[in-house]
Amino acid sequence: MTLALAADADMGGDRSSRRRHRAVLALCALNFFMADVQAGIGPFLGVFLQRHGWQTGPIGSVMTAGGIAGMLAAIPAGAFIDHTRRKRLVVIVTGLCTVLASFLLLLSQSAIVVTLSQLATAVAGAAIGPAMAGMTLGIVRQKGFNAQMGRNQAWNHAGNMAGAGLSGWFGWRFGLPAIFFLSAAFGVLAIASVLAVPETSIDHRAARGLEDGTDHDSGTRAEGLRSFLHHKPLLVLAVCLCCFHLGNAAMLPLYGMAVVSAGKGDPAMFTATTVVVAQAVMIVVSLLAMRLAARRGYWIVLLVSFAALPLRGVLAGSFIQHWGVWPVQMLDGIGAGLQSVAVPGLVARLLRGTGRVNVGLGMVMTAQGVGAGLSPALGGWLAEALGYSSAFYTLGCIAVPSLLLWIGFGATVRAASRNAA
C-alpha cells in the first residue's frame, strides 16, 4: 500500500510538473501575441494622424491624455489583480478593449474619437502589465520569477518586432488601415494562448507575493497601501522611472515624424523600422538582463538603462536621417529592454511577503505613466516651437536627474534588495 501511495504521489508530481510546463509555454506564446495587441496602432499613430492633417502639438496632447488615463488606472488595476482569481479573464477583456478602441480610429479621426480611443487603450494597458506579472509570479513563484520574466520579455519583444515588421509591410502594401486588421488577428491568437494556461497552475497567493509559509493559518496578511509611502527604495525607483520616461516616451513617435516630414522615409515602413530595430535589441538585452541581475543585482541593470537615454537624445537631435534609426533605436532597445526585466523583478523582490506585489508594480507604473503621459505633449510642442533637433536634446537632458538620483540612493536600494532576498 505504501508503494501504491508513493506511486500516486509521483504521478501527481508529474501531472503538476506537466501542468506548469504547459503554463510556461503558454505564457511565452501569450507574451508574443499580446505584444502587438498592446501596441496596436500606437507606434503608427503619429504618422497616421499626420496623414489626416494633424499637427505635432495636438498629436502629442492626445497621446498625453491616454498616458494620464493609464497613470490613474495603474494602482487600482494592480490592486484588482492582487484581489481577483480571474487573471486570465482580465487579460482577455483588456486585449479585446485595446483592439476595439484602435478600430475606432478607422471610423473617425475627429479629436473626440481619437481621444476616447487613446483613453480606452491606456486604461486596458494599465491592467495588462500587472495581470501578466501576477500570472507569471503565480506560476513560477519568486524562485523562478527573474528567469521567467526574462523569457517573457524576450518573447514580448519578438512579438513587437514581428508585429511591427508585418505592420510596416501591410501598411506599405495595402495602406495604414491594414495595420488594424493585423492587430485583430494577433488578438485572436493571444486569447487562444491565455486560455491554454491551466487555471489550476496559478497560485493566486503566490501571485501577490505571499508564499513559503505566509498562508492564512500563519496569520500573515497583506500590508496596507500606506506602507508604500515609507518604502524609500520603491519611491526612489518610481521617481527615477518618472524622469526617465518623461524624456523617453516621445522619442520614438517624434523621430518617426521628424524623418517622414523631411521626406526621408515612407510613413509605414520607416515607423516599422524604428520599432523593429528597438525590439530586436530588446530580445537580446532581456535575456542578458536576467543573467546580469542574478549576478550583479538589479541596481546596476537599471543604472545602465538610465544612462542610455541622454546619449540617445544627442544622437536623435544630431542625425535626423533614415540611417539614424539604427543607433537611436538600438539605445532605446538597451534602456527599455533592461527595464522590462529589472523593474518587475526588483518590485517583486522588494515587496516579497507583503501581499501587495501587483499594487506596488501599479504604483511604479503610475509614476512611469506620469512621465510617459506628459512626454508626447512636451516633445510635440517643443518640436513645433523649436524644431525637432532641440526637442530631442531637451528630452535627453530631462532624463539626467533619474541617473543622478539612482546613483545617489544606490546604497539604500542595494541594501533593501539584499535584505528582501
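Refer to the structure printed above.
Scoring rules and cut-offs
- Along every chain, residues carry numbers that run from 1 in the direction the sequence is written.
- Since the coordinates come from a predicted model, pLDDT governs what is reported: local features require at least 70, and pairs of side-chain atoms require 80 or more to be given and counted, while whole-chain, interface and lining totals use all residues.
- Each side-chain value is worked out from all heavy atoms of the structure, with water and hydrogens disregarded.
- Only DSSP runs of H or I with at least four residues qualify as helices, and only runs of E with at least two residues qualify as strands; both kinds are numbered from the N terminus onward.
- Remark: exposure states derive from per-residue accessible area (1.4 Å probe, protein chains only) relative to the maximum for the residue type, with buried under 20%, exposed over 50%, and partly exposed in between.
- Every residue pair with non-hydrogen atoms within 4.5 Å of one another is taken to be in contact.
- Here, nonpolar core refers to any group of buried Ala, Val, Leu, Ile, Met, Phe, Trp, Tyr and Cys residues whose side-chain atoms link them within 4.5 Å.
- A pair of Phe, Tyr and Trp rings is counted when the ring centres sit within 6.5 Å of each other, with Trp represented by its six-membered ring. The angle between the planes then sorts it: under 30 degrees is stacked, over 60 is edge-to-face, the rest tilted.
- When the NZ atom of lysine or the CZ atom of arginine is within 6 Å of a ring's centre and also within 35 degrees of its normal, the charge is said to sit over that ring.
- Residues qualify for a patch when their relative accessible area is over 30% and they have no salt bridge, like charges being joined within 9 Å and the nonpolar side chains of Val, Leu, Ile, Met, Phe, Trp and Tyr within 5 Å.
- Using a 1.4 Å probe, the Shrake-Rupley method yields the accessible areas, and only the shown protein chains count as cover for residues.
- We count a salt bridge whenever a side-chain nitrogen from Lys or Arg sits within 4 Å of a carboxyl oxygen from Asp or Glu.
- Helices are assigned an expected span. That span is 1.5 Å times one less than the residue count.
- We define the bend at any residue as the angle between the axes fitted to the seven residues before and including it, ending there, and the seven starting there.
- The axes are straight lines fitted to the C-alpha atoms, using for helices just the contacting stretch, and the angles between their N-to-C directions are given from 0 to 180°.
- Should an angle fall under 35 degrees it is taken as roughly parallel, and over 145 as roughly antiparallel, whereas 65 to 115 is taken as roughly perpendicular and any remaining angle as oblique.
- Here is the rule for handedness: rotate from the far helix to the near one, and if that takes an anticlockwise turn smaller than a right angle the crossing is left-handed, while a clockwise turn gives right-handed.
- Charged means Asp, Glu, Lys or Arg here, nonpolar means Ala, Val, Leu, Ile, Met, Phe, Trp, Tyr, Cys or Pro, and polar covers whatever is left, Gly included.

(A) Seen up close, the overall build of the protein chain. From N to C terminus, the protein chain includes 15 helices and zero strands. Looking at the protein chain as a whole, 55% of its 421 residues qualify as buried. Considering only intrachain contacts with a sequence separation of at least 6, the fraction spanning at least 24 residues in the protein chain is 85%.

(B) Focus on the nonpolar core. Grouped together as the largest cluster of nonpolar side chains are 78 residues, with contacts concentrated most on Phe-392 and Trp-406. No other element matches the 10 residues that helix α11 (residues 325-350) contributes to this core. Non-local contacts of Phe-392, meaning those with residues more than four positions away in its chain, are made with Met-251, Leu-254, Tyr-255, Ala-258, Gly-313, Ala-316, Gly-317 and Ile-320. Counting 25 residues, the second largest nonpolar core, distinct from the first, contains Ala-77, Ile-81, Val-90 and Ile-92.

(C) Looking closely at the environment of Gly-387. Looking at the element boundaries, Gly-387 is found in the loop between α12 (357-386) and α13 (388-398). Judged by relative accessible area, which is 24%, Gly-387 ranks as partly exposed.

(D) Just the packing of aromatic side chains, in detail. In this structure the tally under the stated criterion is 12 aromatic pairs. Relative to Phe-186, the ring of Phe-32 has its centre 6.4 Å away and its plane inclined at 25°; by these criteria the two rings are stacked. Taken as a pair, Phe-32 in helix α1 (residues 2-39) and Phe-186 in helix α6 (residues 178-195) lie far apart in primary sequence, 154 residues in all. With relative accessibility at 7%, the residue Phe-186 sits in the buried group. Members of the aromatic cluster, joined through ring pairs, are Phe-32, Phe-33, Trp-155 and Phe-186. Stacked on the ring of Trp-299, the Lys or Arg Arg-414 has its end atom at 4.5 Å from the ring centre.

(E) A look at a nonpolar patch on the surface. A cluster of nonpolar side chains, Trp-169, Trp-172, Phe-174 and Met-269, forms an exposed patch at the surface whose accessible area comes to about 450 Å². Ranked by residues supplied to the nonpolar patch, first place goes to helix α5 (residues 111-174) with three residues. With respect to the helices and strands, the residue Phe-174 is situated in helix α5.

(F) Representation of α5 in the model. Here α5 is 64 residues long, yet its end C-alpha atoms lie only 25 Å apart, well below the 94 Å a rise of 1.5 Å per residue gives. Helix geometry: α5 is bent most strongly at Arg-141, by close to 120°. Count one or two residues on from α5 and you reach Gly-175, which has phi positive near 100°.

(G) Broad picture of the side chain of Thr-121. By the secondary structure assignment, Thr-121 is in helix α5. If sequence neighbours within four positions are ignored, Thr-121 has contacts with Thr-98 and Ala-101.

(H) Region of interest: the side chain of Arg-312. Looking at the secondary structure, you find Arg-312 in helix α10 (residues 298-318). Classification of Arg-312 by relative accessible area gives buried; the value is 1%. Not counting the four nearest positions on each side in its chain, Arg-312 is found in contact with Asn-248, Met-251, Leu-252, Val-328, Gln-329, Leu-331 and Asp-332.

(I) Molecular detail of the pattern of salt bridges. The tally for this structure, following the rule as stated, stands at three salt bridges. With its nearest N and O atoms 3.7 Å apart, the salt bridge here joins Arg-141 to Asp-203. In this pair, Arg-141 sits in helix α5 while Asp-203 sits in the loop between α6 and α7 (232-248), placing the two residues 62 residues apart along the sequence. The class of Asp-203 is partly exposed, set by a relative accessible area of 29%.

(J) Focus on the environment of Ala-127. Tracing the sequence through the fold places Ala-127 in helix α5. Ala-127 sits in the buried class, given a relative accessible area of 11%. For the pair formed by Ala-127 and Ala-79, sequence separation is 48 residues and the distance between their alpha carbons is 9.8 Å. Setting aside anything within four residues of it in sequence, one finds Ala-127 in contact with Ala-77, Ile-81, Val-90 and Thr-94.

(K) Structural context of α7. Here α7 spans 24 Å end to end across 17 residues, near enough to the 24 Å set by a 1.5 Å rise per residue. Of all the 17 residues making up α7, 12 are buried; the element is thus mostly covered by neighbouring parts of the structure. Along α7, the residues classified as buried are Pro-233, Leu-234, Val-236, Leu-237, Ala-238, Cys-240, Leu-241, Cys-242, Phe-244, His-245, Gly-247 and Asn-248.

(L) Layout of the packing of α5 against α11. It is the contact of α5 with α11, at a shortest axis distance of 9 Å, that shows an interaxial angle of 155°. In terms of their interaxial angle, α5 and α11 are classed as roughly antiparallel. Along this stretch, α5 crosses α11, giving a crossing that reads as right-handed. Touching Gln-142, Phe-145, Asn-146, Met-149, Gly-150, Gln-153 and His-157 of α5 are Gly-337, Ser-340, Val-341, Pro-344, Gly-345 and Ala-348, all from α11. Here the contact of α5 with α11 is built from residues that sort into five nonpolar, eight polar and no charged.

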